[in-house]
Each structure stands twice: as C-alpha cells, then as structure tokens.
Amino acid sequence: MKKLFFIMSVDEMESEDHFMKTYSIMEWEELKKLNNDRRSLNQKISLGLATRDEFLKQIKIELNMMDTCQLKIEQEMKENNTEHINTEILYILSNRINDLYNKMFQLFPVEKTSLSEYIEFCSNNILFITKCSNMLDTLMLRYHSDPEVYLTAATYAFDDRNDIESARRYFAEGLKYHENCKNLYVEEFWVEVQHLEKTAGASLPIAIEKYRILIKRFEGDIEFHFILLDRAIKLSAVRELQCNVVRDMVKKYRHSELMWQKLAKIHFDGFIYHQETEQLRYDKNYINGIRNCIKTYEDGLKENLPLQNKHKLWNFYIDHVIEIRKSYRMKKETIRNFMNETMERAFQEAHDNKALCKAEQYIYWADNAIKDYDIIMRKAVAVIKDNVELWVNLMSFYLSYDSLEMGIEVFQDGVRTLKSKSMPLWEILILYMGNTHPKLLQQLYHEGSHFPFPEINFIIRPEYLEWSVVHNGIFSTRELFIKLREIKPECKQLYMSMISFEQSQNSGITKLNTIRKLYNDVCNSFGDTDIDVWSECIRFEYIYGSRKLVKEIFKASLRCLEPYLKSSMTKEFEKLKKEFKEYDPKDEGVIVINDDE
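Everything numeric in this text was worked out from a predicted model, so none of it was measured.

Enquirer: Looking at this structure, I do not really get the overall build of the protein chain. What am I missing?
Expert: In terms of regular secondary structure, the protein chain is built from 28 helices and 2 strands. At 41 Å, the protein chain has a C-alpha radius of gyration far larger than the 25 Å of a compact globule built from 597 residues. Overall size of the protein chain, expressed as C-alpha extent along the three principal axes, is 115 × 80 × 50 Å. Considering only contacts in the protein chain between residues 6 or more positions apart, those separated by 24 or more positions represent 62%. When the accessible surface of the protein chain is totalled, it reaches about 31900 Å², and 51% of it is carbon and sulfur. Averaged over its 83 positive side-chain charges, the protein chain has a centre that lies 2 Å from the centre of its 94 negative ones.

Enquirer: Before we go on, may I ask you to explain the pattern of salt bridges in this structure?
Expert: It is possible for side chains bearing opposite charge to pair when their charged atoms get close. Applying the stated rule across the entire model yields 35 salt bridges. Among the salt bridges present, the one from Lys295 reaches Asp299, with a minimum N-O distance of 2.8 Å. You can see Lys295 and its partner Asp299 sitting in helix 14 (residues 286–301), 4 residues apart, about one turn around the helix. Here Lys295 falls in the partly exposed class, since its relative accessible area comes to 47%. Residues joined by salt bridges that share partners form a network here, namely Glu16, Arg38, Glu62 and Arg96.

Enquirer: Got a minute to help me understand the pairing of strand 1 (residues 271–274) in this structure?
Expert: With 4 bridges joining them, strand 1 and strand 2 (residues 279–282) adopt antiparallel strand pairing. Note on strand 2: the bridge partner recorded for Phe271 is Tyr282. Hairpin remark: strand 1 followed by strand 2, antiparallel, with 4 residues in the connecting loop; positive phi at Glu278, about 55 degrees.

Enquirer: Is there a simple way to explain the packing of helix 4 (residues 88–107) against helix 5 (residues 112–124) in this structure?
Expert: Each packed pair of helices is defined by two parameters, the angle between the axes and the distance between the axes. Interhelical geometry of helix 4 versus helix 5 gives an angle of 155 degrees and a closest axis separation of 11 Å. For the element pair helix 4 / helix 5, the angle class is roughly antiparallel. Crossing handedness for the pair helix 4 and helix 5: left-handed. Side by side, helix 4 and helix 5 meet where Ser94, Ile97, Asn98, Tyr101, Met104 and Phe105 of the first sit next to Ser114, Leu115, Glu117, Tyr118, Phe121 and Cys122 of the second. Partitioned by chemical class, the residues of the contact of helix 4 with helix 5 number 8 nonpolar, 3 polar and 1 charged.

Enquirer: So what exactly am I meant to see when it comes to the packing of aromatic side chains here?
Expert: Describing an aromatic ring pair means giving the distance of the ring centres and the angle of the ring planes. For the coordinates displayed, the defined rule picks out 33 aromatic pairs. One aromatic cluster is present, formed by Tyr101, Phe105, Tyr118 and Phe121 through successive ring pairs. If you follow Lys198 out to its NZ or CZ, it ends over the ring of Phe158, 4.1 Å from the centre.

Enquirer: Please explain the packing of helix 25 (residues 512–526) against helix 26 (residues 531–543) as it appears in this structure.
Expert: It is at 9 Å that the axes of helix 25 and helix 26 come closest, and there the two elements cross at 160 degrees. One way to sum up the angle between helix 25 and helix 26 is to call them roughly antiparallel. Crossing hand, helix 25 versus helix 26: left-handed. For the pair helix 25 and helix 26, the contacting residues are Leu512, Ile515, Arg516, Tyr519, Val522, Cys523 and Phe526 in the first and Val533, Trp534, Glu536, Cys537, Phe540 and Glu541 in the second. In the contact of helix 25 with helix 26, the residues fall into 10 nonpolar, no polar and 3 charged.

Enquirer: Just checking my understanding: could you explain the environment of Val245 for this structure?
Expert: Position of Val245 relative to the elements: it lies in helix 12 (residues 239–252). Taking C-alpha positions, Val245 is 8.2 Å from Tyr211, a pair spaced 34 residues apart along the chain. Other than its neighbours up to four places away in sequence, Val245 contacts Tyr211, His225, Leu228, Leu229 and Ala232.

Enquirer: What's the story with the side chain of His144 in this structure? I'm lost.
Expert: Along the chain, the position of His144 falls in the loop between helix 6 (132–139) and helix 7 (147–159). Within the local environment of His144, its side chain forms a polar contact with the backbone oxygen of Leu139, the two atoms lying 2.8 Å apart. Those residues in contact with His144, other than ones at most four positions away along the chain, are Val110, Leu139, Val149, Tyr150 and His178.

Enquirer: What exactly am I supposed to notice about helix 18 (residues 373–383) here?
Expert: An α-helical segment advances 3.6 residues per turn. Residues three or four places apart therefore align on the same side. All of the buried residues along helix 18 are Tyr373, Ile376, Met377, Ala380 and Val381. Seen along its axis, helix 18 keeps its buried residues to an arc of 135 degrees; they face one direction. Each element contacted by the buried residues of helix 18 is listed here: helix 17 (359–368) and helix 19 (388–400).

Enquirer: Explanation requested: the confidence of the model for the protein chain in the structure shown.
Expert: Detailed reading of the predicted model is not advised wherever pLDDT is low. On average, residues of the protein chain score 91 in pLDDT, and 95% of them are at 70 or above. Averaged pLDDT values over the elements of the protein chain bottom out at 80 in helix 1 (residues 10–22) and peak at 98 in helix 13 (residues 257–268). Confidence drops under a pLDDT of 50 for residues 582–597, and excluding neighbours within four residues, the segment shows 28 contacts in the predicted structure.

Enquirer: Help me understand empty space enclosed by the protein, please; the structure alone is not making it clear to me.
Expert: Leftover empty space is mapped by rolling, across the atoms, a probe with the size of a water molecule. Scanning all chains against the criterion turns up 1 cavity of 30 Å³ or more. Counted as a void, the largest cavity has a volume near 40 Å³. Lining the largest cavity are Ile215, Phe218, Glu219, Gly220, Asp221, Phe224, His225, Lys252 and Tyr253.

Enquirer: Quick question: what am I supposed to make of the environment of Ile430 here?
Expert: Along the polypeptide, Ile430 turns up in helix 21 (residues 423–436). Along the backbone, Ile430 and Glu572 are 142 residues apart, and their C-alpha atoms lie at a distance of 39 Å. Filtering out sequence-adjacent residues up to four positions away, Ile430 remains in contact with Leu441, Leu444, Tyr445, Ile460 and Glu463.

Enquirer: Any chance you could explain the layout of surface pockets here in plain terms?
Expert: By volume, the largest pocket is sized at about 310 Å³. In this structure, the largest pocket is lined by 13 residues; those nearest its centre are Leu63, Asp67, Glu117, Phe121 and Asn124. Its residues assigned to classes, the lining of the largest pocket shows 6 nonpolar, 3 polar and 4 charged. In this model, the second largest pocket occupies a volume close to 260 Å³. Of all the secondary-structure elements, those providing two or more residues to the lining of the second largest pocket are helix 25, helix 26 and helix 27 (547–560). Residues of the lining of the second largest pocket, tallied by class, amount to 8 nonpolar, 2 polar and 3 charged.

Enquirer: Explanation requested: the nonpolar core in the structure shown.
Expert: Nonpolar side chains in soluble globular proteins generally cluster together in the buried interior. Of all hydrophobic cores here, the largest spans 192 residues; its most connected members are Leu115 and Leu241. Sorting elements by how many residues they give to this core places helix 23 (residues 454–484) first, with 9 residues. When sequence neighbours within four positions are dropped, the list of residues in contact with Leu241 reads Phe189, Val193, Leu196, Leu204, Ala207, Ile208 and Tyr211.

Cut-offs applied
- Residues numbered from 1 in each chain as written.
- Predicted model: local features only at pLDDT ≥ 70, side-chain atom pairs only at ≥ 80, totals over all residues.
- Heavy atoms only, no water.
- Helix = DSSP H or I, 4+ residues; strand = E, 2+ residues; numbered from the N terminus.
- Rg over C-alpha atoms; globule rule 2.2 N^0.38 Å.
- Contact = heavy atoms within 4.5 Å.
- Areas by Shrake-Rupley, 256 points an atom, 1.4 Å probe, with all protein chains shown as cover.
- Lys, Arg positive; Asp, Glu negative; His and termini not counted.
- Charge placed at Lys NZ, Arg CZ, Asp CG, Glu CD.
- Salt bridge = Lys/Arg side-chain N within 4 Å of Asp/Glu carboxyl O.
- Buried < 20%, exposed > 50% of the residue type's maximum accessible area, 1.4 Å probe, protein only.
- Pairing = 2+ DSSP bridges.
- Axes fitted to C-alpha atoms, helices over the stretch in contact; angles between N-to-C directions.
- Parallel < 35°, antiparallel > 145°, perpendicular 65-115°, else oblique.
- Left-handed = near helix turned anticlockwise from the far one by under 90°.
- Nonpolar A, V, L, I, M, F, W, Y, C, P; charged D, E, K, R; others polar.
- Phe/Tyr/Trp six-rings, centres within 6.5 Å; stacked < 30°, edge-to-face > 60°.
- Lys NZ or Arg CZ within 6 Å of the ring centre and 35° of its normal.
- Polar contact = N/O pair within 3.5 Å; in protein donor to acceptor, adjacent residues only side chain to side chain.
- Arc of directions from axis to C-beta.
- pLDDT = per-residue confidence, 0-100.
- 1 Å grid on protein atoms, 1.4 Å probe; cavity = no way out; pocket = protein on both sides within 12 Å on 5 of 7 lines; lining within 4 Å.
- Points joined across faces, edges and corners; volume = space filled by probe spheres on them.
- Core = buried A, V, L, I, M, F, W, Y, C linked by side-chain atoms within 4.5 Å.

Right, here's the structure in full:
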C-alpha cells in the first residue's frame, strides 16, 4: 500500500491535541474537522486528484494555525514571566507546511508568487525548519517557464543565506533555459557587484569575467550597457569594475548622443571619468560634478555626430541645464553665476544651430534671461511658428508695457500665422483695448467678426453684439445684428444673443412678433439638426406667447428635423408639456409681451 504524505506520528498528534486543549486554541469539533480535512487532502494526493488551489487553501489554514499558536506562546511567556513553554507545536506545524509546499512544487509548475511565499515562510521560521535550501537545490534543477522563479531563488540564496555559490548555480540553471532573458543576466551581474563589495574586491576577476561575457553577448546594445553601469555605480568599493564599464561605454558608443548624455549624468552624480588617463574617481564636491557635466555635453557637441543626433544632444543638454538651475544646488553664488553664463551660452548656441525646438525651452530662456525677453520670444515665434503660447507671451509682454504699436504688430503677425488657433490673441487685445483704448475696440470687433475662420468669428460676433447693447443701445444693435447675420456661415449664438437682448427690453419697446421672427429665422437656419432651438422657441411661447402656437411649432419641428432626431424631439416636447402644465392662459402669473402694433 502506498504511503500517504505528511501523516503525523501518534506522538505528534497527541502533542498537537494537548496544546490545542491546554491553551484553548480550538474546540474539539474544530480540531476534529481539521484533521478530517487533512486526511481528505492526503487521500486526494495519493489518488492524484488534489488541485493547486486545495494545496494553497490548506497551507493558508496551517499558517493561520501556526500564527495563533505563536501568539499564544508569546502571551503565556509574558504573563507568566517564563521561557519554559513547550514549543514543539511550532516544529510540527512548520514541518507540515514545508511538506505541503514540497509536495505542491513536485506536482505542479512552480509559480513565482508561491515560491516567494514559501521562501518568506522559511525565512520567518528558520529555527523550526531547515529543509528550505535543500528543496531549492532540487527545484532549481528543473525547468520553469517563468525565469523569475530562478531569480527569486537566487536572490534569496544570496540575500538571506549569503550563499553566492547557490545563487550562481540557480542563475546558471535559469539562463540554460532562458538564454535571452536580459533581466536574469542583469540580476546575476548585480549579485556579483554586491559580492564584490562584500569581499572588498577579492572576487573582482569573477565579476570582470561575468561583465565581459555580458557585453560581448549584447554587443551594440547601448541601453543594456547603461543598465550594467547603473548597477555597477550603486556601490562604492567596486571602483575598478566601474572604471571598466565606463571606459568600454565611452570607447564603444562615442558616436552616440545617448552615451554623452549618460556620461554627463554620471559626472553630475560625482563619478568623474578622465578620458586621457581612462581612470574613474568619485568627487564629493557637487560643484565639480556640475562643471564636469556641462563640459561633457560641450565635448560631445564637438564630436562628428550626424546632424539629427547632434540636435538630440543639444536638447539633452538644454533640458539638463534647466534641471540643474531648478535644483537645490543653486544656493551658492559662484555656481549660480556659472549656470547663468552656461544657460545664456547654451541656449544661444542651440538656437544658432537650429537645435532649440521646444516652446518651453524658449519660454524658460526668456523668463530667466537678464534682458531681451522680447528678442528671445521673437526668435521663438520665428522658429516655432504655430505655438499659441509663444505668441501670447510675446504680445502680452508688449501690452504689459503699454506698447500698443508693437502689440498690434505681433497680433497681426500672430493671427496671420495661427489663423483658426488665434482666439487667445483676439481675447487679449479685446480685453486690453476695452480698458485702455475703447474707441479702437469697435474696429477690432468688426475685424474679428469678418475674420474668415468660424473658430474666431463665431465667438466674436456675439461678443460684438453684447458690447453694442451696452455702449450703443438696442436700436443700433438691431442694425448691427442685421449686418452680422449676413456673414457666412451663420452663427446660432448670434441669434440667441439677440433674442436674449430683445427679451431684456421693456415690453413697450420689444414686441412679441420681433422675437417670434428671430426664433423663426434661427429654427429655419439650424432646425434640421438642432433640437434645442425648437425647445427654446416652444418654451418662449409657453411663457410669453400663445399656447395655441405650441403644437404648430412642434409639428413644424418634426417636418424640419432629420429623421434620426424626431424621436428625441417628441420626448423633449413631452417634458415641456409636463413642465408647463401648471400654467393657464388666464393665470395672472403669466408674463405677456405685447404684439407689434
């Protein structure tokens, strides 16, 4: 008969029962059910019917049981001021859990999550269980589809057990099956870097050899080289290895703008590489780091790089200058002066080389230059012609100094360039003239109303109408409205604004048919695709006009609207009828607007 797995001995069962009863961990019926569940799982395992989920569920139960027992033991020790309590239960439970994991890993593919949980369990219960490393040795000899499984085991072996040989074996096994997994190579290299630190450089030959194999395998992969460099410079006592990585990077990728950016960044962080001596040193003086960083960018820009690559390096340089000037390192006056000079030189040279191509870079340059804000912004709009923010900044600059002539010149150039995107320029000039030159404002409104882009004139025409009501009165505004509505394409908001202005007049002045005519026109012009104009027209008749006309207007809407909108219009009409059902033609609360005489 086949032996069942992880069956407790009689002594272990008695010991567990005794502990549970003595400390009231479980009632007898609960303990009985637990043991029955254990036997049931054993039976399924022996028949090959157990699932991974059943294993995980039982492991969770046993872990909770172990935590409860651990807390009870600690509580008893504290309350009775003694350390003489039998902890055999912890050995029993921990080894049962270990056996469950062991069997699960034998029967099912190992998952990273489960392996990590098992390793954490072993680490937390190292006093009670000693089989973990042996099990890992066995597991790592097998194929696992997820390379992270090997990585998890190797990291544990090195970090928790200080076992470099096992870590190396696990990585080797993983790479045997996953030879293209970069992450495994990187983490294997990282373990060697850490081991080099721990051995104070004694393992340098192994680390160098591992590094040489890697750069040969991934030759030409500059990003991979950067990753190795980032790992190598994390620790301080591995300078020779770091020097090798940097030296190779400079030699292999000298004609890459990415290499110069990376070299500048590590110089900024204090790792100073001398290209003449090919030596690397660390300098704690951050000012030296900044100076070497800037020099590196400028050295790179002297290299014979393709034009496109050189432009990219210029942008790396400019962005890094901005980053440095915004950093906490600008406290000392000497470095502030140095960076101010650097900024002026770098931005001007980048512009001269047609390499400054971001609006935010020009804005930063202008905002931080000692003088010539407008000159810099003019350079910007000449290079990046379609950026609204640049034109807004330049025009706002002149208007802030009441330089209307220059402001209008920029405005005219800007609207010619930006065309349909120029609304912010119109808004700024309208606001400025409204406060300072009201006599010129009407001419600006006139030009904006006729500007041949609906994105602009659709906004300005209703604004012009509103301005006219306030400054010229309703009669002049009616004449203006007739002119503005002739501009094509027609503007719905122009009509709605005019209706609003007419309704706001005294009833003796405004006549019912005048507003009806406006609604009639707007419905004729936009009523084939717009339910709102019909709804507003009906609402007007409900409140001010004749209920007799409401149904006629609704019928007209159904004749005019596109077929797909008729159902929605019907629903809208039902809502309006409910909204106004309380009104009665004889109701004294109804506001009446007189008919035209």
